[in-house]
Amino acid sequence: MTSSALDQLADLCRELHANPELSFAETRTAGIVADRLRQLGFTVTEGVGRTGVVGVLERGDGPTVLMCADMDALPVREETGLPYASTATDVDAEGHEVPVMHACGHDMHVTALIGALGALVADASWNGRILAVFQPAEEKGAGARAMVDDGLFDRFGRPDVVIGQHVAPLPAGAIGMRVGPAFAASDALRVTLYGRGGHGSRPDATVDPVVLAASVILRLQTIVSREIPATETAVVTVGSVQAGSAPNIIPDSAELKLSIRTFDLTVRETVLAAVERIVRGEAQAAGADREPVIETLHSFPAVINDEAAVGRAREAFSAALQGVMVVDPGVVTGSEDVGILARESGAPCVFWLLGGADPAHFAGLGSVAEITQKVAELPSNHSPQSAPVIMPTLGIGVRALAAAARDWLASA
């Protein structure tokens, strides 16, 4: 890819970063994606799974390669100080006006995939079929499922492999990829705790759901530390607590939102059962008149990387990405609903981490331990300070996607 083409992609990445959109509201982004795909000669279908975009390019007989990228942003106020930082706001699904930021690198994912598709279009050495999937609402764990339920594979065919990448605060110039469980399964729950409201000066005449919520939150932290074997991995996070409106009013209810990450099905079942037991037990202990309500907001499986597919990708990277280090990052407790695309299509999956941190942060560091410590110190995905460096991240992301896809496509 020429430096001029990369510069144009970098401009697109900055434009997408400055204009983020929330889950299932990615209309502007989807329109840009659709226009770019048509310019490249793809047959384009918009509105798949509400705001998803599918592009198909057929070139003779050969395998079908599904290449995916997510488009949505997060309700986060950007604090990067970048000249192209987002100042956007939008109304979320609950009717609240919120700041919006590409705090998880989806702008980079979209741009890198468009660049890779352009590189493949310009390459006459392959035959086959490219299925480009730009999915909405990954941050809600709902986009891949929405596209599948909207007939993704019935309408556009089933792939022979599913490939994709996610930017992370590894050094730009590094790729993280592993065989087997790579990204955690994710369950998001909403817990509504009911008390008995009243005057703040008369707590004895109430059942205080704020105190109940505090008890539940503290007890939930014992699930991983006391109920999950140390040889297993699980995360239980309470990411949202909502209760009350004034200091002198004890409210009637409190709401918690939980994020649960697991890799093993038995561990997942243990954690979910423990959440329900603790929530209902604490409500009973508090003397609540009404049973709490536990609702599932989303649930999707772990990303399981196919051993043979990972091996092929490693070989492709070795040939096409000279100087790029491919490492095993270990299991990632973050989650991706790309696993739904692989599971529902029956195709092997290979999904990797794309290093996006400024290499200057790692200057002079020689050991894996030093690099790991530096990664832990940098802003993580979903942080208001998260900002992958566009170069060399974008160029490597384009080449990685194109190389992996090309390895599966038939020789012309």
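## Section: unusual backbone geometry
- Here the amide bond leading from Met-391 into Pro-392 is cis, since omega sits at 5 degrees, within 30 degrees of zero.
- Residue position: Pro-392 is located in the loop between α11 (368-377) and α12 (393-408).
- The backbone of Ala-137 shows a phi angle near 55 degrees, a positive value even though the residue is not glycine.
- With respect to the helices, strands and loops of the structure, Ala-137 is situated in the loop between β6 (126-135) and α4 (143-149).
- Positive phi is not limited to glycine here, since His-382 has a value of about 80 degrees.
- Along the polypeptide, His-382 turns up in the loop between α11 and α12.

## Quick notes on the nonpolar core
- If you look at the biggest cluster of nonpolar residues, it comprises 58 residues, and the most contacted ones within it are Met-67, Phe-134, Phe-317 and Trp-352.
- Here this core takes 10 residues from α12, the largest share from any one element.
- Discounting residues that sit within four places of it in the chain, Trp-352 has contacts with Ile-163, Gly-164, Gln-165, His-166, Ile-175, Gly-176, Met-177, Phe-317, Ala-400, Leu-401 and Ala-404.
- Val-148, Val-162, Val-332 and Val-375 belong to the second-largest nonpolar core, a separate cluster that totals 33 residues.

## Comments concerning the sheet that holds strand β15 (residues 293-300)
- Strand order in the open sheet formed by 4 strands is β12-β14-β10-β15, and the pairing between neighbours is antiparallel. Looking at the sheet topology across the chains shown, the edges are occupied by β12 (234-243) and β15. Each strand of the sheet is rotated relative to its neighbour by a mean of 15 degrees, with strand direction disregarded.
- Of the strand pairs in this sheet, β12 and strand β14 (residues 253-262) are connected by 9 bridges, and their pairing is antiparallel. Note that in β14 the partner of Val-236 across the bridge is Ile-260.
- Against the sheet, helix α6 (residues 209-220) engages β10 (185-194), β12 and β14, with an angle of about 10 degrees to β14.

## Let's talk about the packing of aromatic side chains
- Scanning the model with the defined rule gives 2 aromatic pairs in all.
- Between Phe-183 and Phe-351, the aromatic rings sit 5.3 Å apart at their centres with planes inclined by 80 degrees, giving edge-to-face as the arrangement. Of this pair, Phe-183 sits in strand β9 (residues 180-183) while Phe-351 sits in strand β18 (residues 349-357), and the two are 168 residues apart along the sequence. We note that Phe-183, like Phe-351, is buried.
- For Arg-290, the ring lying beneath its charged end belongs to Tyr-194, and the centroid distance is 3.8 Å.
- Over the ring of Trp-408 we find Arg-312; its NZ or CZ atom is 3.9 Å from the centre of that ring.

## Remarks on the side chain of His-109
- By the element assignment, His-109 lies in helix α3 (residues 106-121).
- What makes His-109 buried here is its relative accessible area of 3%.
- Apart from residues no more than four positions distant in its own chain, His-109 is found in contact with Ala-69, Asp-70, Cys-104, Gln-165, His-166 and Val-167.

## With respect to the packing of helix α1 (residues 3-18) against helix α2 (residues 27-39)
- In contact at an axis separation of 10 Å, α1 and α2 are set at 160 degrees when each is read in the N-to-C sense. Put simply, α1 runs roughly antiparallel to α2. Helix-helix and strand crossings are classified by hand; for α1 and α2 the assignment is right-handed. For the pair α1 and α2, the contacting residues are Leu-12, Glu-15 and Leu-16 in the first and Arg-28, Thr-29, Ile-32 and Arg-36 in the second.
- The residue makeup of the contact of α1 with α2, split by class, is 3 nonpolar, 1 polar and 3 charged.

## Focus: the packing of helix α9 (residues 307-320) against α12
- One way to put it is that α9 packs onto α12 with a least axis distance of 9 Å and a crossing angle of 120 degrees. Between α9 and α12, the interaxial angle falls into the category oblique. In this structure, α9 crosses over α12, and the sense of that crossing is right-handed. Contacts from Ala-309, Arg-312, Ala-316, Phe-317 and Ala-320 in α9 reach Arg-399, Ala-400, Ala-403, Ala-404, Asp-407 and Trp-408 in α12.
- Classifying every residue of the contact of α9 with α12 gives 8 nonpolar, no polar and 3 charged.

How each quantity is defined
- Residues numbered from 1 in each chain as written.
- Predicted model: local features only at pLDDT ≥ 70, side-chain atom pairs only at ≥ 80, totals over all residues.
- Heavy atoms only, no water.
- Helix = DSSP H or I, 4+ residues; strand = E, 2+ residues; numbered from the N terminus.
- Core = buried A, V, L, I, M, F, W, Y, C linked by side-chain atoms within 4.5 Å.
- Buried < 20%, exposed > 50% of the residue type's maximum accessible area, 1.4 Å probe, protein only.
- Contact = heavy atoms within 4.5 Å.
- Pairing = 2+ DSSP bridges.
- Axes fitted to C-alpha atoms, helices over the stretch in contact; angles between N-to-C directions.
- Phe/Tyr/Trp six-rings, centres within 6.5 Å; stacked < 30°, edge-to-face > 60°.
- Lys NZ or Arg CZ within 6 Å of the ring centre and 35° of its normal.
- Parallel < 35°, antiparallel > 145°, perpendicular 65-115°, else oblique.
- Left-handed = near helix turned anticlockwise from the far one by under 90°.
- Nonpolar A, V, L, I, M, F, W, Y, C, P; charged D, E, K, R; others polar.

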